[in-house]
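Here is how the chains run, residue by residue.
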Amino acid sequence: MSCVQLTLRLFLGNEASLGPEFIPKSRGVVQFVDDLLDSNSTTKMVLRVVIIGAGLIGPRHAKSVISNPDTELVALIDPLPNAARVAQELQTSYYPTVEAMLQAIPKPDAAIVCTPNHTHVPVSRELLASGVHVLVEKPVSDSIDNGLALLQFSQRPENAQLKLLVGHHRRFNPYVLKTKQMVDAGSLGRIIAINGLWTLFKPEQYFAPPGDWRRARSSGGVVPINLVHDIDIMHYLFGPIVRVHAEKTLPQRPNPPHEAEEGAALTLRFASGVVGTFLVCDATPSPHNFEAGTGENPLIPKCSSGADFYRIFGSDASLSVPDMTRWSYDSRPDKSWNQPLTVEKFDVEEATPFDLQLAHFVDVIQGKAEPSCSGEEGLRALLVCQAVQKALETGQTIELDQTILEGNR
Ligand SMILES: NC(=O)c1ccc[n+]([C@@H]2O[C@H](COP(=O)([O-])OP(=O)(O)OC[C@H]3O[C@@H](n4cnc5c(N)ncnc54)[C@H](O)[C@@H]3O)[C@@H](O)[C@H]2O)c1
């Protein structure tokens, strides 16, 4: 041991004096000091992460945190008593509230908020106010006003070093990444139109307490829970949607207790001039949805025939997703309907979007990347959701007020 190492160890005394956020994963302070002083070592700083919400999706995020070498799961927070058991299975500490966690352990670096939609804003705000970076599940909020308030809070000068990201994890899905690569490279020519489907059957137990927020008008419904994903992907691929019209599907569930919408047929217009149609419904057995098509959710079996959920039409070619089939007249003598179409299939690499999203969150916190889905982008998707719901209520075509977001740049 060098003299400098010995002095530094004596100076540091114990791990607490250095601050646990600076201690690399699974290493004591002695090893850490050695690594720090060893010019050949490339020591990594491990981010201490907490998960808020131990329901359907929280434990899935927890697994990503556990498997990422740059992050350490330090607690699971949820007021429900059975969450303590989930925490035990994940081999992490359990606290019923964010406040109890902050009092019991050193401040974590980051949190992933996996609570019901109407709690996203107060929970995220509490974490940001305590100096914790936040990745909040989609939708960013249950209302535009609350979402805007959160965005403005995150942009206060005292919070300038803190990051707020929204968990539209499908931006990291390999099928979406491949589609974006092809669209951005001009493989389809100029994009003209998109046609999409999210149709699936949700069983009654999905809406039973404590998941009854999913059927409430104020917090649930297929639009903010599911369609919001597709809206965010469409924004990611084609830019902002500026106008929507919506027609309600025939209700299949009794109201009460099912207050929220089950489905809609939409027409969409994007700022770029691209137009789209989209059908969403959570009351019909169907393979035409992102989950069944990509197999990204282990709870929803993948459809072996790869039933398509997006068709993207360009001036040079069209693409269907997730079968990743491109149709064109490339290599034909004429670009004409009299020619047989050229059919090409593209491969997609295997990857877990939640893992990639977490790696991106780490990069953003470490200043290596800008957020792919910022609070503003999350709010942009919510604006469209609310416009769809308003169109369903009023029967009117809704123009989106993009100035709401412009004021927050
Ligand atoms: N990205 C995705 O693919 C995806 C998938 C499912 C759910 N989600 C989103 O994740 C969020 C959670 O969904 P879910 O299906 O896991 O819900 P859930 O109802 O199964 O679980 C939510 C949990 O949060 C807990 N909770 C409520 N208030 C809390 C608070 N103030 N502090 C701590 N815990 C609290 C509840 O007790 C419950 O255990 C929702 O916003 C949903 O839209 C995203």
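Described below are features of the structure shown in this document. Throughout, a residue's number is its position along its own chain's written sequence, starting from 1. Under the rules for a predicted model, residues below a pLDDT of 70 receive no local features and side-chain atom pairs below 80 are neither given nor counted, while totals for whole chains, interfaces and linings still include all residues.

## Some points on unusual backbone geometry
Line of reasoning, step 1. Cis geometry marks the peptide bond from proline 209 to proline 210; its omega dihedral reads 5°.
Line of reasoning, step 2. With phi around 55°, glutamine 91 is a residue other than glycine that occupies positive phi space.
Line of reasoning, step 3. Every helix listed is a DSSP run of H or I at least four residues long, and every strand listed is a run of E at least two residues long, numbered separately from the N terminus. Locating glutamine 91 in the fold gives a position in the loop between helix 5 (83–89) and strand 3 (93–95).
Line of reasoning, step 4. One non-glycine residue with positive phi stands out, namely methionine 324, at about 50°.
Line of reasoning, step 5. With respect to the helices and strands, methionine 324 occurs in the loop between strand 12 (317–321) and strand 13 (325–328).
Line of reasoning, step 6. Burial is judged by counting other C-beta atoms within 10 Å of a residue's own C-beta: 20 or more means buried, 12 or fewer means exposed, and anything between counts as partly exposed, with every C-beta placed from the backbone. Take methionine 324: there are 18 C-beta atoms within 10 Å of it, and that puts it in the partly exposed class.

## Here's the deal with helix 13 (residues 375–394)
Line of reasoning, step 1. Given a rise of 1.5 Å per residue, 20 residues ought to cover 28 Å, and the 28 Å separating the end C-alpha atoms of helix 13 matches this to within 8%.
Line of reasoning, step 2. Within helix 13, 16 of the 20 residues are buried, leaving the element largely enclosed by the surrounding structure. Here the expected span of a helix is defined as 1.5 Å times the quantity of residues minus one.

## Regarding the site of the ligand
Line of reasoning, step 1. If you check the shell around the ligand, you find 24 residues, and the closest are Gly53, Gly55, Leu56, Ile57 and Glu137.
Line of reasoning, step 2. For this scheme, ten residues count as nonpolar: Ala, Val, Leu, Ile, Met, Phe, Trp, Tyr, Cys and Pro. Four count as charged, namely Asp, Glu, Lys and Arg, and the remainder, Gly too, count as polar. In terms of residue class, the shell around the ligand is built from twelve nonpolar, nine polar and three charged. To decide nearness, the C-beta atom of each residue is placed from the backbone, and the residue is near a molecule or strand if that atom lies within 6 Å of it.

## Structural notes on the packing of helix 9 (residues 174–184) against helix 10 (residues 222–238)
Line of reasoning, step 1. Following both chains from N to C, one finds helix 9 and helix 10 inclined at 30°, their axes separated by 9 Å at the closest point. Relative to helix 10, the element helix 9 is oriented roughly parallel. Crossing hand, helix 9 versus helix 10: right-handed. Residue-level contacts link Val176, Thr179, Lys180 and Val183 of helix 9 to Ile233, Tyr236 and Leu237 of helix 10.
Line of reasoning, step 2. When its residues are assigned to classes, the contact of helix 9 with helix 10 shows five nonpolar, one polar and one charged. Orientation is described by lines fitted to C-alpha atoms, with helices fitted over the stretch in contact, and by angles between N-to-C directions that extend from 0 to 180 degrees. The labels follow the angle: roughly parallel below 35 degrees, roughly antiparallel above 145, roughly perpendicular from 65 to 115, and oblique for the rest. With the far helix as reference, a near helix turned anticlockwise by less than a right angle produces a left-handed crossing, and one turned clockwise produces a right-handed crossing. The contact criterion used here is simple: two residues whose C-beta atoms, placed from the backbone, lie within 7 Å are in contact.

## Observations concerning the environment of histidine 229
Line of reasoning, step 1. In this fold, histidine 229 is placed in helix 10.
Line of reasoning, step 2. Its 22 C-beta neighbours within 10 Å are what place histidine 229 among the buried residues.
Line of reasoning, step 3. Put simply, histidine 229 and glycine 378 are 149 residues apart on the chain and 9.9 Å apart in space, counted from C-alpha to C-alpha.
Line of reasoning, step 4. If near-sequence neighbours (up to four positions away) are discounted, histidine 229 is found in contact with Lys138, His168, Arg170 and Phe290.

## Quick word on the environment of tryptophan 198
Line of reasoning, step 1. Summarising the element assignment, tryptophan 198 is placed in strand 7 (residues 191–199).
Line of reasoning, step 2. For tryptophan 198, a count of 23 C-beta atoms within 10 Å gives the class buried.
Line of reasoning, step 3. Taking the C-alpha atoms as reference points, tryptophan 198 and glutamate 291, 93 residues apart in sequence, are found 9.0 Å from one another.
Line of reasoning, step 4. The residues contacting tryptophan 198, other than those within four sequence positions of it, are Asn226, Leu227, Asp230, Val280, Asn289, Phe290 and Phe309.

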